[in-house]
Each structure stands twice: as structure tokens, then as C-alpha cells.
Amino acid sequence: MVDAANLLEEARQGNRRSLAKLLTYLEEGGKSPLEYGRGKSLGITGPPGVGKSSLIGKLIDEWLNLGETVAVLAVDPSSPISGGALLGDRMRMVNADSSDSVFVRSLATRNHPGGLMNCLTPMIEVLSECGWENIVIETVGSGQSETRVVAFADIVVLVDGPDRGDIIQAEKSGIIEMADLIVINKSDLKNAQKAADSIRSALSFNEESPKVFLSSAHTGEGIKEIINELKILQSPLIRNRMRVRERLISAWDSVLLESESLEILISEIEDGKISISEAIEMIRNHNKTSKS
Amino acid sequence: MRIVIAKPGLDGHDRGAKVIARALRDGGNEVIYTGLRRTPEEIVRIVNDEDADALGLSTLSGAHDVLIPKVSTLLRQEGLNHVVVFAGGIIPMDDREDLYNKGIRAIFGPGSTTSEILDFLEVVVERKVRNKPVGIGEESGWCWDG
Ligand code: B12
Ligand SMILES: Nc1nc2c(ncn2[C@@H]2O[C@H](COP(=O)(O)OP(=O)(O)O)[C@@H](O)[C@H]2O)c(=O)[nH]1
Ligand SMILES: [Mg+2]
């Protein structure tokens, strides 16, 4: 039996072993030792290979310079076939492994129904409770389930590369509407400026549309500016609402996908015994009865 | 299992480590790859923070006789006795006995196949389930002999 409250107490006092164990416990579905509460996080998303992990590595260096602490939850997809995952984000965060002020944890998505990673919110709360000042979630932004992962962050940064192809992908996944800040990384390569210009002109110009920054994780260009912007950035209510909406929908989906009667209903629809609207009615009634 | 694959020291040969990382992933494991040039201290911290069940060390540079025992000592000091440690790369037969004595449970040289390595991990899981010693700090003298 895991004593979560005890682990939390030890983790609060700076015990990394206990913190690591507590995160595993939460990842495996354990109940959070904290009441639902505070814990602000920064979500960094974008297509694979644009330099999210490298950029986080540079942000870590800058936060360390400022005397701040950083915890990173780096999420990568699990293979739907083998269930395994290759978690290679931390190798790009060069100075993450030697400082007491940095904690990096790699997480696989583990193919939860509906793409919901219920563990993220309690993990963020625990990290915050243990005094980690900057809490970053890295997630691949392509496809619906990843959009859902980043909806659990309070501020969303969309990272893109200098190639137009990546940007189109980001537009498709709907993730662009969630961004509070857009960063075109690899500014040391040609076309980065052009990409930034084209994305600026694609965004409708009102006060709420996100600013577009250029950065290079190789030369360090633009990193200080991003840190400064993050200090003052606030997500407008409309985007916050969109994220809450996304969280609710993904929680709903996961309840549906985990419901015992789902398979039975599907075959009954298949056999023509009931209609889709009848099935929905049955799920609703079932939820009502199981609550009382 | 959660497995850290690490390259200790200044060794720049990373092909083998990457091949192994992918093979273990395809075998259903969550594999954390550290990248090149990690110190024993960094490797132990990664194993701790990632709460890994196992650590695979890849060395082809000839420094295995110093670096691997160092990792072994640090893991024990940090109380990570349950972590299963195995290794691969260029490690001469004459050096292996000493590493096994330090708690390394398997060594895979050039030409090792993926299925051999997955077989080893299967035995590791079996031993864990049966509470038989298999971690770095759980003395027993057991090692994998293929
Ligand atoms: C390719 C290669 C290179 C490439 C590396 C490219 C890269 N990014 O990896 C380059 C050209 C850069 C290179 C450079 C050097 N190399 Co070189 N290189 C080789 C060579 C020919 C093949 C290695 C390889 O990639 N094999 C393919 C992979 C898939 O096999 P593998 O790594 O052995 O992995 C297998 C197993 O060992 C095992 N395994 C490996 N790691 C792990 C980890 C775990 C956890 C597990 C379970 C299993 C496992 O599983 C894998 C699959 O079977 C070997 C000779 C050889 N035949 O091994 C020399 C060799 C390793 N190099 C050697 C040397 C000396 C060097 C140099 C110092 C200079 C030189 N003389 O060439 C530099 C140093 C570079 C550095 N910074 O460290 C020597 C090392 C001597 C020693 N240890 O005593 C070797 C043995 C050649 C020799 N006979 O002299 N090298
Ligand atoms: N030229 C250039 N390459 C970069 C930059 N940032 C990252 N890269 C490279 O892009 C590749 C993917 O980087 P990574 O951080 O893993 O991307 P992620 O998949 O978005 O996390 C690596 O080879 C990096 O070295 C940059 O600013 N400029
Ligand atoms: Mg990454």
C-alpha cells in the first residue's frame, strides 16, 4: 500500500525519491492526497520535431539564471500496438539532469479512452505544493487527444517550425485557437521570419489573438523575450473557457468509453434493435440510476 | 516496465543504445533515453526522478570498468536497490565477472538479438513477481546466462 499523504509530506521537505514515487502513484490512478486546488502550469505544444524539448531546455537555463525552480512533465504517445513508448524529450534538456532546481518526469499517454490523462491535474497540484515554481507540460500537438492534454494547462504556448507544412498541421488540429503565445522556433534557419509573418497575417487581428515570437534553441535568440512575456501573459477568459470546455468534453468521453454497457449498446445498434437516440437515452438513464 | 537507457561517460557510439531503446519500446516497455555523455550522478538522478524499474547502460569506449561500478555504488547509496541494471556494448569477457559481482544482471555484446534481451526482461519480471532478488542492491549472485 502506498501512503500518499506520507509521501507528500516527505516530498514537501525536498525528498526527490518520495516525489518520484508519488507521481508514479498518481500516474497509476491513485487518489490525490491534496484537495482540488491551485497549481498553475504552462503547456508547450506543437508538431513533432519543431524543437519543443530543446526550447524547454533553454527556458530551464534562463529560469535557473533567475534563481527559479522548474518541473517538467514531458508527455509522449504510447504505441497503440505494443503499449510501449520511447520517451526522448529529456535528452534535449541539456542541463536538466544535474541541477537540484530542476525535476523532469517523462510520461507516456498510455492510450486512455478519449485521450484523457486524469493524472495531470493532481500531478501539477503536487508539484506546486512541493514548491516547484515553474511547471511545464510538453505535449505533441497533432491530433485530437493531444489537444486535450494541453487543455489541462493554464497558459498554452504553441511552438512551430519555419516550414509552412507544420503550421498547416497545427491549424487543422484546432490547437491554434488554444494558443496564448505562438513561437516560431529554429529562427537560425531560413524561412523562420517568413513563417512568423504568414502566421501573424493568418490570425485575425484583435486584442485577444496571440503574439508571435521567434526563437532559436541552438543560438538562444529570443529566449529572454519569451521568459519576460510569460511573466506578464494572462490567458483571456474566452480561451480559458475553451480549455475548460475541452477538459469537460474529454472527461465526458472517457466516462462514456469506460461505461460497461457501451459494447452491448454498440451491438444492439448494429443489429438494428435500437436506434442511436435510444442508445443515448439509455446511457443517460443508466448514469442517473447509478448515481442515486 | 519503465526502463532508462543511458550512455555514461564520453563515449559517442549511440547506434546500439538507440536500437535497443526502440526494441524495448516495441516489446511494450516505456523507455526513457538519456542521450549521450551523462555522468554516473546524472544517470542515477534520472533513474530516481523517472521512478524507473530498470537501467540499461551502453558503453563501447572501454570505460565500462570504471563507470558501471560507479553507477552501481551510487544507486545503492540513493536507496535504489530495487532497480535492475544490465549493460551492453564492447565489454570483454574478462571484465564481466567483476561487473556481475557488482550486481549487474546481464551483459549483451555485439550481435545480441532483440529477442534475447526481451527474454532476459521476462525472467526479470518473473523474479520480481516471485520476490526473488534481482535489483542492483538485492544480493544473490544471480545473473543471466542466455
Ligand atoms: C560505428 C562505429 C563508430 C562510429 C559511431 C557512430 C555512432 N553514432 O554510433 C564512429 C565513426 C563515430 C566511431 C568513432 C570512434 N570509434 Co568506433 N566503432 C564503430 C563500430 C565499427 C560499430 C559500432 C556500432 O555502431 N555497431 C552497431 C550497433 C548496433 O552495435 P552495438 O553498439 O555493439 O550494440 C549491440 C550490442 O553491443 C548491444 N548493446 C549495445 N548497447 C547496449 C545497451 C543495452 C542496455 C543492451 C541491453 C545492449 C546493448 O546490443 C546491440 C545490438 O546487438 C565499432 C566496432 C564494432 N564492430 O563494434 C567501433 C568501435 C566501437 N570504435 C572504437 C573506437 C576506438 C572509436 C574511436 C575512439 C576512434 C576510432 N578509432 O575510430 C571513435 C570515438 C568516438 C567517440 N566519441 O566515442 C573501438 C572501441 C575500442 C574499445 N572499446 O576498446 C571499436 C570497438 C572499433 C575497434 N575494434 O577498435 N565509431
Ligand atoms: N536549427 C535548429 N534546430 C533545432 C532548434 N531547436 C531544436 N532543433 C533540432 O530539432 C530536432 C528536434 O528537436 P526536439 O527538441 O526534440 O523537438 P520536439 O519534438 O518538438 O520536442 C533536434 O534535432 C534539435 O536539435 C533550433 O532552434 N534550430
Ligand atoms: Mg520533444
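Refer to the structure above for everything that follows.
Residues numbered from 1 in each chain as written. Chains lettered and ligands numbered in written order. Predicted model: local features only at pLDDT ≥ 70, side-chain atom pairs only at ≥ 80, totals over all residues. Heavy atoms only, no water.

A. Representation of the packing of helix α2 (residues 40-49) of chain B against helix α3 (residues 64-77) of chain B in the model. Residue and element names in this part refer to chain B. Axis separation between α2 and α3 bottoms out at 9 Å; the angle between their running directions is 45°. Regarding the angle of α2 to α3, the classification is oblique. As for how α2 packs across α3, the hand of that crossing is right-handed. Packed against α2, whose contacting residues are Pro40, Glu41, Val44 and Val47, the element α3 presents Leu67, Lys70, Val71, Leu74 and Leu75 at the interface. Looking at side-chain class alone, the contact of α2 with α3 contains 7 nonpolar, no polar and 2 charged residues. (Axes fitted to C-alpha atoms, helices over the stretch in contact; angles between N-to-C directions. Helix = DSSP H or I, 4+ residues; strand = E, 2+ residues; numbered from the N terminus. Parallel < 35°, antiparallel > 145°, perpendicular 65-115°, else oblique. Left-handed = near helix turned anticlockwise from the far one by under 90°. Contact = heavy atoms within 4.5 Å. Nonpolar A, V, L, I, M, F, W, Y, C, P; charged D, E, K, R; others polar.)

B. Spatial organisation of the coordination of the magnesium ion (ligand 3). Residues and elements named next belong to chain A. Listed as protein donors to the magnesium ion (ligand 3) are Ser53 (OG), Asp89 (OD) and Glu138 (OE); their distances from the metal cover 2.1 to 2.2 Å. Read in sequence order, the donor residues coordinating the magnesium ion (ligand 3) give the pattern S-x35-D-x48-E. Here Ser53, found in helix α3 (residues 52-65), pairs with Asp89, found in the loop between β3 (85-87) and β4 (102-108); they are 36 residues apart in sequence, far enough to count as distant. Classification of Ser53 by relative accessible area gives buried; the value is 7%. Taking the relative accessible area as the measure of exposure, Asp89 reaches 9% and is therefore buried. (Donors = N, O, S within 2.8 Å, 3.2 Å for Na, K, Ca; no water. Buried < 20%, exposed > 50% of the residue type's maximum accessible area, 1.4 Å probe, protein only.)

C. Broad picture of the interface of chain B and chain A. Tallying the contact residues gives 23 residues for chain B and 25 residues for chain A. Both faces combined, the contact of chain B with chain A buries some 2200 Å², and carbon together with sulfur accounts for 45% of it. The largest share of the area that chain B buries against chain A comes from Glu30, Arg45 and Asp49 of chain B, three residues that together contribute 28% of it. Where chain B packs against chain A, one counts 7 salt bridges. A salt bridge links Asp51 of chain B to Arg17 of chain A, with the shortest nitrogen-to-oxygen separation between them at 3.0 Å. Elements with a minimum of two residues in the side of chain B that touches chain A: α1 (15-26), β2 (30-33) and α2 of chain B. (Buried area = accessible area lost by both parts, 1.4 Å probe. Salt bridge = Lys/Arg side-chain N within 4 Å of Asp/Glu carboxyl O.)

D. Fine view of the nonpolar core. Residues and elements named next belong to chain A. Core analysis: the largest hydrophobic core is formed by 29 residues, its most contacted members being Leu19, Val126 and Trp132. Of all the secondary-structure elements, those providing two or more residues to this core are α1 (4-12), α2 (16-27), β2 (70-76), β4, α4 (120-129) and β5 (134-140). With 6 residues, the top contributor of residues to this core is α2. There are two domains that each give this core at least three residues, and those are domain 1 (1-33) and domain 2 (35-236). Once residues lying within four places of it in the same chain are set aside, the contact partners of Leu19 are Ala11, Phe103, Val126, Leu127, Cys130 and Trp132. (Core = buried A, V, L, I, M, F, W, Y, C linked by side-chain atoms within 4.5 Å. Domains from an automatic or database assignment.)

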